Amino acid sequence: MPDFLLSRGAMLLAAAGCVLAMPAMAKSSPGFDGPLTVHLRSDSITLRMAKAPQLYLAGTIDAAAVEQVRQLLQSGKVPPGTDIYLDSSAGDAAAGMALGKLFRAARFSTHLGTWRTGSWRTAGPPARPATCLDACAYAWLGGLYRWSPSGTDRIGLHENLLPNRDAAAPGAPSPADLRDYITAMDVRPEQVDQVSGLVVNGIAWWNTEKLLPAQVANNGRLPLAASYQKTPGDAPTLVLSQTVRGHESQVTLQCAPGEVTLGARYTVGSERAPNLAARAMYAYFEIGGQAWQPRLGKRPQADGDALVLERRMPFAQLENILHAGSLAAWIEITGSPVRLGFWLAPSSAEKLTQPFFADCQALQPGYVPPKAPAEQAKPSFWKRITGKLRHQ
């Protein structure tokens with residue numbers, strides 16, 4: 001049986017394939033504000049389609065719930081990278097933060113969602129909307145990958161648990177503790193303020209359309225990383241890398257007089273890379289949504305677990321690349337209607353790319369360094385005298 005319900009107590013192994021048994025307390029569903037219930041879906045179809053097990057947590061998030069999840073992790077039934085689906089409107093913020101720390105340590109992805117019976121083959125009745133409030137919202141922030149709620153799912157905080165308050169709510173963590181936790185989860189407290197909507201009946205529901213732009217949600221994408229270290233005698237080289245759902249993609253820019261070499265590395269797996277390279281028709285870069293010479297240049301090559309491609313561009317194109325909100329590398333495969341590749345946003349790392357641009361610009365033919373600001377000349381003795389007389 002691929003779908004499981006776990007209780008607060010012991011988890012029993014079934015005979016086939018580490019199946020977790022259904023306890024007696026699960027005869028009736030307590031709802032999202034009753035005692036915590038845990039459903040696990042890890043059948044072969046789920047692992048093939050979703051690429052990870054799915055763990056559904058519903059009910060009150062308190063110290064006992066945190067311990068229940070901790071024991072589940074220690075049992076080894078839920079591996080790192082599992083997708084967590086949350087549905088809870090009750091609990092305390094301290095327990096929510098403790099649960100979020102467990103999620104981050106296990107590199108879990110957090111979603112909103114409610115359990116429904118059935119599987120990929122038999123969908124069962126439609127799931128009801130999920131609600132993630134207070135402790136649940138703080139637990140959701142613990143996901144390494146945090147997915148924006150969709151449809152009618154809702155997430156938010158009571159006004160007295162917002163991190164920008166001056167005083168703590170009775171029995172709740174201090175605002176400073178809330179802000180420290182949010183920061184430790186790689187989100188800034190002011191970003192949470194940006195997504196908090198108007199307070200209705202004491203609750204600030206988050207604007208789900210703002211979660212991704214404000215970087216409170218990342219939808220499977222870790223922040224862009226930029227690496228540049230100038231080495232005397234070497235061509236300036238900038239490396240932009242981004243991890244999406246555990247797979248790192250990379251763009252390398254190497255500067256030379258008059259041109260920039262743009263390279264891409266797209267991880268596809270060591271088994272797939274040679275096959276895809278043999279079937280590749282075209283490979284090209286796309287800058288700000290505009291394809292750069294889509295039918296020119298060499299086809300991508302297999303390099304270990306990745307496909308790699310390289311193009312040379314005029315130096316004049318570099319500024320557009322570094323300021324682009326989207327720089328993509330795409331590969332078109334024979335017989336496939338879907339192109340393969342990735343995109344990243346160089347503009348989000350502009351402060352880190354400026355030194356590279358300055359050093360690359362200095363290599364260009366005819367470059368004239370900007371003049372240092374001239375010191376203001378001191379007024380002559382006569383001008384000082386006449387100036388004094390003028391002001392008397």
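Residues numbered from 1 in each chain as written. Predicted model: local features only at pLDDT ≥ 70, side-chain atom pairs only at ≥ 80, totals over all residues. Heavy atoms only, no water.

## A closer look at helix α2 (residues 63-74)
At step 1: Helix length check: α2 (12 residues) gives 17 Å between terminal C-alpha atoms against 16 Å at 1.5 Å per residue, within 8%.
At step 2: Buried residues of α2: Ala65, Val66, Gln68, Val69 and Leu72, and no others. Burial along α2 is one-sided: seen end-on, the buried residues are contained in an arc of 160°. Of the exposed residues in α2, those oriented more than 90 degrees away from the buried face are Ala63 and Gln74.
At step 3: Looking at the residues trailing α2, positive phi occurs at glycine 76, about 80°. (Helix = DSSP H or I, 4+ residues; strand = E, 2+ residues; numbered from the N terminus. Expected span 1.5 Å × (residues − 1). Buried < 20%, exposed > 50% of the residue type's maximum accessible area, 1.4 Å probe, protein only. Arc of directions from axis to C-beta.)

## Some points on the pattern of salt bridges
At step 1: If you walk through the whole model with that rule in mind, you get 11 salt bridges.
At step 2: Where arginine 339 meets glutamate 286, a salt bridge forms, and the shortest distance between an N and an O atom there is 3.5 Å. Residue arginine 339 is located in the loop between β19 (327-333) and β20 (340-344), and its partner glutamate 286 is located in strand β15 (residues 280-287); the two are separated by 53 residues in the primary sequence.
At step 3: According to the relative accessible area criterion, glutamate 286 is buried, its value standing at 13%.
At step 4: One continuous salt-bridge network, built from bridges that share partners, spans Arg265, Asp303 and Asp305. (Salt bridge = Lys/Arg side-chain N within 4 Å of Asp/Glu carboxyl O.)

## Here we look at the nonpolar core
At step 1: Core analysis: the biggest nonpolar cluster contains 48 residues, and Leu57, Trp140 and Trp206 have the highest contact counts within it.
At step 2: What tryptophan 206 contacts, discounting residues up to four positions off in sequence, is Ala137, Trp140, Leu141, Ile155, Gly156, Leu157, Val192, Val195, Ser196, Leu211 and Val216.
At step 3: Listed in part, the 39 residues of the second largest apolar core include Leu224, Ala277, Leu340 and Ala349. (Core = buried A, V, L, I, M, F, W, Y, C linked by side-chain atoms within 4.5 Å. Contact = heavy atoms within 4.5 Å.)

## A look at the side chain of arginine 146
At step 1: Assignment of secondary structure puts arginine 146 in strand β7 (residues 145-146).
At step 2: Of the side chains with opposite charge, aspartate 186 lies nearest to the buried arginine 146, which makes no salt bridge, at 5.8 Å.
At step 3: In this structure the side chain of arginine 146 is engaged in a polar contact, spanning 2.7 Å, whose partner is the backbone oxygen of valine 216.
At step 4: Ignoring anything within four residues of it in the chain, the contact list for arginine 146 reads Arg104, Thr110, Trp140, Leu141, Met185, Val187, Gln215, Val216, Ala217, Asn218 and Asn219. (Lys, Arg positive; Asp, Glu negative; His and termini not counted. Polar contact = N/O pair within 3.5 Å; in protein donor to acceptor, adjacent residues only side chain to side chain.)

## Quick look at the pairing of strand β4 (residues 83-87)
At step 1: Here β4 lies mainly inside the structure; five of its five residues are buried.
At step 2: Burial along β4 is two-sided: Asp83, Tyr85 and Asp87 and Ile84 and Leu86, pointing in opposite directions, are all buried.
At step 3: In this sheet, β4 lies alongside strand β3 (residues 54-58) in parallel orientation, the contact comprising five bridges. Counterpart to tyrosine 56 in the pairing with β4 is tyrosine 85.
At step 4: Where the polypeptide runs from β3 across α2 and back to β4, its parallel neighbour, the crossover connection is right-handed.
At step 5: Both β4 and strand β5 (residues 109-112) contribute to a ladder of four bridges, which runs parallel. Each bridged residue has a counterpart across the sheet, and for isoleucine 84 the counterpart in β5 is threonine 110. (Pairing = 2+ DSSP bridges. Right-handed = clockwise from strand over helix to strand, strands pointing away.)

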